[in-house]
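What follows is each chain in one-letter form.
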Amino acid sequence: GRFWFRAVFSGRVFGAESIQTHCGPGGASMVAAAPSPDANSDPADLQIIDGLPLIKAATELKEKGNSCTKLKQYNEAVRLYEQAIAILDKADGHPMLRQEVEEMVLLKSVLYCNVAQCLLSLELFQRAVDAATRCLSLDEKNAKALHRRSLALEALHRDEAALEDAVRLRELGGGGLSSEALEPRLLALESKVQAAKAAAAAAEESDDECDDELVQMKKRFDEIVEAYDLRDDDAAEQVADWLTSGEWQVNVRRVSQRWGMTEADAVDFLRWIAKGLEFKAQSCVAADQAAAAAPRLNDSE
């Protein structure tokens, strides 16, 4: 008899998230890389595709790509591998023998893995990550893809993700990578990740210290303004005019003499004013940059 059941595969298999299996002629197990059939549909009405010619054509392209890879003709190799993948995609939506689907999934994962290696050699690191990820969506235990994605992620300075792949690779036995080669790389990645975390923590602490310093500077300025009766409007205007008139070289001694401050108070008073001027200059630069980056309306339709 005929019967349907759903078999879910990891990742996207030829454009479908799942495949269906039924008994074909002679009881052969067949799968369909297609959406679930209607409840009333008859599996016999589905057009069964012969996957062997597709597998053969894709394999021939893969071998040509491998030859190009050996000659370091990486762009041509990628083109051939992607042609092979496109051929396998022609099986999308058609029922096939389970064995042929499994062969296609394996072949497709190898092709993506090979693409990742070529892109890695071309230093197209993000594309290498994407290709290796496609491979791993079909074969999550592919050690070569894990290693290649880890290398590409490290080149992109995504060391934590690179370390995760390297750890997973070790759990799988290292693939073709010896422990003598894998362990030093793991240690190096762990050191880089820890260093990055330490640097981030130090930067955060530095920001906190900077904020505390500003709070203390402002507090000290307010105390000086209060102590020398500079808070009322007239006095504040006199201070502003005197500091910005350009008639005097503003320094600690002159401020101390002009307002009867101790030198320590004059130092703290000028520190806060200098900080305010610095903030103002930074704001002007940021405003100019924002204006320059703002999109301009085009008058033409």
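It should be emphasised that the depicted structure is a prediction, and the values quoted were computed from it without experimental measurement. What you see as residue numbers is a count from 1 along each chain, following the sequence as written. Where local features are concerned, this predicted model is filtered to residues with pLDDT of at least 70; where side-chain atom pairs are given and counted, the filter is 80 or more; whole-chain, interface and lining totals use all residues. With hydrogens and water stripped out, all remaining heavy atoms of the structure feed into the side-chain values.

**Student:** So what's going on with the confidence of the model for the protein chain? Residues and values would help.
**Tutor:** Confidence along the protein chain averages 77 in pLDDT terms, with 69% of residues attaining 70 or more. The quantity called pLDDT is the predictor's confidence in a given residue, expressed from 0 to 100. Where helices and strands are cited, they refer to DSSP runs of H or I of at least four residues and of E of at least two residues respectively, numbered from the N terminus. At the level of individual helices and strands, the protein chain shows its lowest average pLDDT in strand S1 (residues 5-13), which scores 31, and its highest in helix H4 (residues 125-138), which scores 97. For this analysis, residues touch if any pair of their heavy atoms sits within 4.5 Å. Segment residues 1-39 is flagged for pLDDT under 50; beyond a separation of four residues in sequence, or across chains, it makes 104 contacts in the model.

**Student:** I'd love a proper account of the side chain of Asp 159, names of residues and values included.
**Tutor:** Mapped onto the elements of the fold, Asp 159 is located in helix H6 (residues 159-171). Non-local contacts of Asp 159, meaning those with residues more than four positions away in its chain, are made with Glu 154, Leu 189, Lys 192 and Val 193.

**Student:** Give me the lowdown on the nonpolar core, citing residues and values where you can.
**Tutor:** Definition used in this section: a nonpolar core is a set of buried Ala, Val, Leu, Ile, Met, Phe, Trp, Tyr and Cys residues joined via side-chain atoms within 4.5 Å. Burial here depends on accessible area, computed with a 1.4 Å probe over protein chains only, as a share of the maximum for the residue type. Under 20% is buried, over 50% is exposed, and the range in between is partly exposed. If you look at the biggest cluster of nonpolar residues, it comprises 48 residues, and the most contacted ones within it are Met 104 and Leu 111. Of all the secondary structure elements, the ones that give two or more residues to this core are helix H1 (52-70), helix H2 (74-89), helix H3 (98-121), H4, helix H5 (143-155), H6 and helix H7 (179-227). In terms of residue count, the dominant contributor to this core is H3 (12 residues). With 12 residues, the next largest nonpolar core counts Phe 221, Ile 224, Leu 230 and Leu 270 among its residues.

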